[in-house]
Number of protein chains: 2
Amino acid sequence: MAQPVRIALDAMGGDFGPAVTIAGAATALARRPESSFLLFGDETMIRAELGKHPALAARAEVRHSAVAVRMDDRPSVALRQGRRVSSMWMAIEAVKKGEADVAVSAGNTGALMAMAKVCLRMMAGIDRPAIAGLWPTLRGRSVVLDIGASIGATPAHLVDLAIMGAAMARIVLGVETPTVGLLNVGEEEIKGVEDVKEASRLLRETPIPGLAYIGFVEGNGIGQGVADVVVTEGFTGNIALKTAEGTARQIRTYLRDAMSRNWLSKLAYILARGAFEEIKGKMDTRTINGGVFLGLEGVVIKSHGGEDAIGFAHAVVLGYDMARSGLMTQIRETVAIAHRSAPEAAQ
Amino acid sequence: MAQPVRIALDAMGGDFGPAVTIAGAATALARRPESSFLLFGDETMIRAELGKHPALAARAEVRHSAVAVRMDDRPSVALRQGRRVSSMWMAIEAVKKGEADVAVSAGNTGALMAMAKVCLRMMAGIDRPAIAGLWPTLRGRSVVLDIGASIGATPAHLVDLAIMGAAMARIVLGVETPTVGLLNVGEEEIKGVEDVKEASRLLRETPIPGLAYIGFVEGNGIGQGVADVVVTEGFTGNIALKTAEGTARQIRTYLRDAMSRNWLSKLAYILARGAFEEIKGKMDTRTINGGVFLGLEGVVIKSHGGEDAIGFAHAVVLGYDMARSGLMTQIRETVAIAHRSAPEAAQ
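Every chain begins its residue count from 1, and numbering advances along the sequence as written. Written order decides the labels, with chains lettered from A and ligands numbered from 1. The model is predicted, so local features are restricted to residues of pLDDT at least 70 and side-chain atom pairs to those at 80 or more, both for listing and for counting; the totals for chains, interfaces and linings are taken over all residues. Excluding hydrogens and water, the side-chain values take into account all heavy atoms of the structure.

**Points about the overall build of chain A**
Helix and strand labels come from DSSP, where a helix needs a run of H or I of at least four residues and a strand needs a run of E of at least two; each type is numbered from the N terminus. Counting secondary structure elements, chain A contains 14 helices and 11 strands. For a compact globule the rule gives 2.2 Å times the number of residues to the power 0.38, and the radius of gyration it is set against comes from C-alpha atoms. For chain A, whose C-alpha radius of gyration is 21 Å, the value lies close to the compact-globule estimate of 20 Å for 347 residues. With respect to the principal axes defined by its C-alpha atoms, chain A has extents near 60 × 60 × 45 Å. Counting every position in chain A, which comprises 347 residues, the buried fraction comes to 59%. Partitioning the intrachain contacts of chain A with sequence separation of at least 6 by distance along the chain shows that 72% fall at a separation of at least 24. Shrake-Rupley sampling with a 1.4 Å probe provides the accessible areas, and residues are treated as covered by the protein chains on show and by no other component. When the accessible surface of chain A is summed, it comes to about 13,500 Å², and 53% of that surface belongs to carbon and sulfur atoms. Positive and negative side-chain charges of chain A, numbering 38 and 37 respectively, have mean locations separated by a distance of 4 Å. Per-residue accessibility, obtained with a 1.4 Å probe over protein chains only, is compared with the maximum for each type, and a residue is labelled buried under 20%, exposed over 50%, and partly exposed between these values. Note on contacts: a residue pair qualifies if any of its non-hydrogen atoms lie within 4.5 Å across the two residues. Positive charge is attributed to Lys and Arg, negative charge to Asp and Glu, and no charge count is given to His or to the chain ends. Where a charge lies is defined by one atom per residue type: Lys uses NZ, Arg uses CZ, Asp uses CG and Glu uses CD.

Written as structure tokens, this is what we have:
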């Protein structure tokens, strides 16, 4: 058996704490048996949950922390009160110390990113962190980044996002040379913001190993799956992601209302239940749960705070896959090559 | 009978030209009998279509133009070749000359905006133009702007967008004091870009007559209808709109595939056809067709180039309603008041 992937869990994060994180870890272990776990948080609560999952208990070490970052703590408050002592910090620090290969938390995004930056620091050559997410498309899934870590982006940062997103896509999508597009307001070269146009020029003129730049992608192209990786700065990326989620929820509401209107539509719903379940599965946010923090000296995964154990398990598995496949090494090597061949894009 | 609303039509615009624009105008006239039309374009083609619509022919005057702006002309090319002589320019110029109350075109957006800016000029006190669109929501419809006219926005421009969007919402939604939200990446005051935060401060500290500012709205809030008016700069607004359209199309594809899977799901589809038609109606882009150009000295409506006659009719009716209800006057008056009470927001 190969060396197991050591996963550091902030067991206290998320809306439900250990009830979800421990059950989720147990599910993840069943899917990725070569995992071992460091569980940070209230020891009594964690042990109570671990009792229900003996397989996980056998592969886990509990490390007590009395401090849990709250979901509504400001990042600055979380850092002041939780540095070194909170379950969130301790999980990240395990990666820093080399005791774990990846940290996973369902805690609040701002606090997690602030702690990750302070504890792990930025990767050499990368100026600002990003969060990458999976987006369900008509062709399967795409990687979209940045979905909310950094507001605004220079052309060079957009190129770095392309490199980091491609590294993640290689692992998650299993594509050797992922296609990469820049999110823009039009496909013609005349449109859009200067920084996006300049990033496009850099990506065209200096091909980067391991990614195929395909040009601009419009908002409606993401869901069509026109690129494996869609790159944009964090403000627009976050708005796009949440707008898509909102639209999906809106149509789900229309559909639910329409199918319960009268006995005919209720009957139709029963007849076509399999079809509806299939659509529900395709839009299930649990299967795409897990934002990958990129640009740091270590792998940190953010699980959505409101997801259940199945969703949390997906985030843990995502973290496992990233660590197992050497995400950090892939990014480091490509960044080094890209910055050598296009030094002006490095700063 | 009150004075009719005089509508200047670029009959040559859009993917289908007079076949759609003239039929659309005829439908719009049936819905808004107090309309009269100036039809700009190839006289032979227009008269051929007018022959099919005698009621419209009786209320229309044809003005010949041999030049039609192409859908893929760059704005600069369209201006150089089409200024004064194209059907698009002549329709806008009719508004400028006071011969028409509103201009409607399904021609290319960039060219239409460029011509509108040159011909009509900016409204006093407004720095940059915007395009506002209607967005179907769970509560009905909302006005979203800017959906692509101007990239980036100062805090003062975001305040102007709030004023102009509220004026449009008052007319379209029939709400005396529309609620207005600023699109942002989080609801907490700590998040988001500086310009958006500053605009929020301006809107909070200096209440503007005729609008109720409710704070930040996230991407998923638009479709839920949390605000009558959602304000953002043109890059993000365009991405959000197209992402929502793409997501809706994606789910439609899932649904169509799922309902044609086997005889059971096909039967279900037939039984629930009424329900499916209702959902289709709610997401029908034709009923929300028409982007309103704001910030100019005149009302110009952009119809989507690919819409059919029903869609084009919606854009014409939208233009009618804007002109009839004095959109320009409403904006002018509120801008004057707002800039008097908060002079630092004026520039």
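**Some points on the packing of helix 7 (residues 155-173) of chain A against helix 8 (residues 194-205) of chain A**
Residues and elements named next belong to chain A. Convention adopted: a line fitted to C-alpha atoms gives each axis, helices being fitted over their contacting stretch, and angles between N-to-C directions are expressed from 0 to 180 degrees. As a packed pair, helix 7 and helix 8 sit with axes 8 Å apart at the nearest point and diverge in direction by 55°. Taken together, the axes of helix 7 and helix 8 are oblique relative to one another. Helix 7 and helix 8 meet at a crossing whose hand is right-handed. Residues Pro155, Ala156, Leu158, Val159 and Ala162 of helix 7 form the contact with helix 8, whose own contacting residues are Asp195, Val196, Glu198, Ala199, Leu202 and Leu203. For classification purposes, an angle smaller than 35 degrees is called roughly parallel, one larger than 145 roughly antiparallel, one from 65 to 115 roughly perpendicular, and anything else oblique. Should the near helix be turned counterclockwise from the far one by less than a right angle, the crossing is left-handed, whereas a clockwise turn marks it as right-handed.

**Notes on the interface of chain B and chain A**
Taken residue by residue, the interface counts 52 residues in chain B and 52 residues in chain A. Buried area between chain B and chain A, both sides added, is near 4,700 Å², and the carbon and sulfur share of it is 73%. The term buried area refers to how much accessible surface (probe radius 1.4 Å) is lost by two components on association, counted for both of them together. If you sort the residues of chain B by the area they bury against chain A, Phe235, Tyr254 and Leu271 of chain B come out on top, with a joint share of 14%. Criterion for a salt bridge: a side-chain nitrogen of Lys or Arg within 4 Å of a carboxyl oxygen of Asp or Glu. One can count 4 salt bridges joining chain B with chain A. Note that Lys242 of chain A is salt-bridged to Glu218 of chain B, the shortest N-O span being 2.3 Å. In the analysis that follows, any N or O atom pair within 3.5 Å is treated as a polar contact, provided that within protein one partner can donate a hydrogen and the other can accept it, and provided that, for residues neighboring in sequence, both atoms belong to side chains. For the pair chain B and chain A, the interface holds 12 residue pairs in polar contact (both at pLDDT 80 or more).

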